[in-house]
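# Inside the fold
Residues per chain, in single letters:
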Amino acid sequence: MSSESGGRLRGSRCADCAVTTCPAGPACPRCGGPTEQVVLSGTGTLWTWTVQRYAPKSPPYLPPVAGFTPFAVGYVELPEDVRVLAALDIRPEDAEIGMPMTIAAGAGVPRATGAVV
């Protein structure tokens, strides 16, 4: 599972076939070999995205007092050849497939924003 360690994403890499996964797991999903914990890159590119326009069901979701606000969510592809699902801290109209992103562990889910290039 990805966890926060100074905001860095953590994953796992297979000792046998070098497949990297996020969240981390004890065994490789490709070959079943053992894995080791690794710190993943903090930058990547936006692979795909969408807008979450409906609030999750309640319970367990508790909407904020001001009400639900739609937000962008997408997959960020990292140099380790792994795609990580993240809430996108950008305006949906600014999202563009292939755009550079920074990504970090967040409360509950990873968070990504447009990278300055």
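Structure shown above.
Residues numbered from 1 in each chain as written. Predicted model: local features only at pLDDT ≥ 70, side-chain atom pairs only at ≥ 80, totals over all residues. Heavy atoms only, no water.

### Here we look at the pattern of salt bridges
The cut-off we apply is this: Any Lys or Arg side-chain nitrogen found within 4 Å of a carboxyl oxygen on Asp or Glu counts as a salt bridge. Note on classification: 1.4 Å probe, protein chains only; a residue is buried when its accessible area is under 20% of the maximum for its type, exposed when over 50%, partly exposed between these limits.
Inspection of the entire model under this criterion finds 4 salt bridges. A salt bridge links D94 to R91; the nearest nitrogen and oxygen atoms lie 2.9 Å apart. Residue class for D94 comes out partly exposed when judged on its relative accessible area of 38%. In this structure R91 comes out as partly exposed when scored by relative accessible area, which is 48%.

### Notes on unusual backbone geometry
The condition is simple: In this text, helices come from DSSP runs of H or I with a minimum length of four residues, and strands from runs of E with a minimum of two, each type numbered from the N-terminal end.
With omega at 10°, the peptide bond leading from C22 into P23 counts as cis. Within the secondary structure, P23 is located in the loop between strand 2 (20-21) and strand 3 (35-39). For A18, which is not glycine, the phi torsion reads 70° and is therefore positive. Assignment of secondary structure puts A18 in the loop between strand 1 (10-14) and strand 2.

### A look at the nonpolar core
Short version of the rule: Definition used in this section: a nonpolar core is a set of buried Ala, Val, Leu, Ile, Met, Phe, Trp, Tyr and Cys residues joined via side-chain atoms within 4.5 Å. Pairs of residues are marked as contacts when any of their non-hydrogen atoms sit within 4.5 Å.
With 19 residues, the main nonpolar core has L78, L88, M101, I103 and A112 as its most contacted residues. Residue assignment for this core shows that the elements contributing at least two residues are strand 5 (71-78), strand 6 (82-88) and strand 7 (100-104). For L78, the residues in contact, after removing those within four places along its chain, are L40, S41, T43, G44, V84 and I103.

### So, the packing of aromatic side chains
As a reminder, the rule being used: Only rings of Phe, Tyr and Trp enter the pairing, Trp through its six-membered ring, and a pair is recorded when the two centres are within 6.5 Å. The plane angle decides the type: under 30 degrees is stacked, over 60 is edge-to-face, the rest tilted.
For the coordinates displayed, the defined rule picks out 2 aromatic pairs. Aromatic side chains W47 and Y75 sit 6.3 Å apart centroid to centroid with 90° between the ring planes, which places their arrangement in the edge-to-face category. Taken together, the residues span a long stretch of sequence, with W47 in strand 4 (residues 43-52) and Y75 in strand 5 at a distance of 28 residues. Classification of Y75 as partly exposed rests on a relative accessible area of 34%. For the ring pair F68 and F71, a centre distance of 6.1 Å and an interplane angle of 65° mean the geometry is edge-to-face.

### Focus: the sheet that holds strand 7
Put simply, the rule reads: The rule for pairing is simple: two strands pair if DSSP sees at least two bridges between them. The axes are straight lines fitted to the C-alpha atoms, using for helices just the contacting stretch, and the angles between their N-to-C directions are given from 0 to 180°.
Read once around its circumference, the closed barrel built from 5 strands follows the order 4-5-6-8-7, with strand pairing classed as mixed. Pairs of neighbouring strands in the sheet enclose a mean axial angle of 50°, with direction left out of account. The pairing of strand 5 with strand 6 spans 7 bridges and is antiparallel. Residue pairing in the sheet places Y75 in a bridge with L85 of strand 6.

### Quick word on the environment of A95
By secondary structure assignment, the location of A95 is in the loop between strand 6 and strand 7. C-alpha of A95 to C-alpha of P23: the two residues are 72 residues apart in sequence and 24 Å apart in space. Ignoring anything within four residues of it in the chain, the contact list for A95 reads L46, W49 and I90.

Geometric values such as these leave the question of function open.
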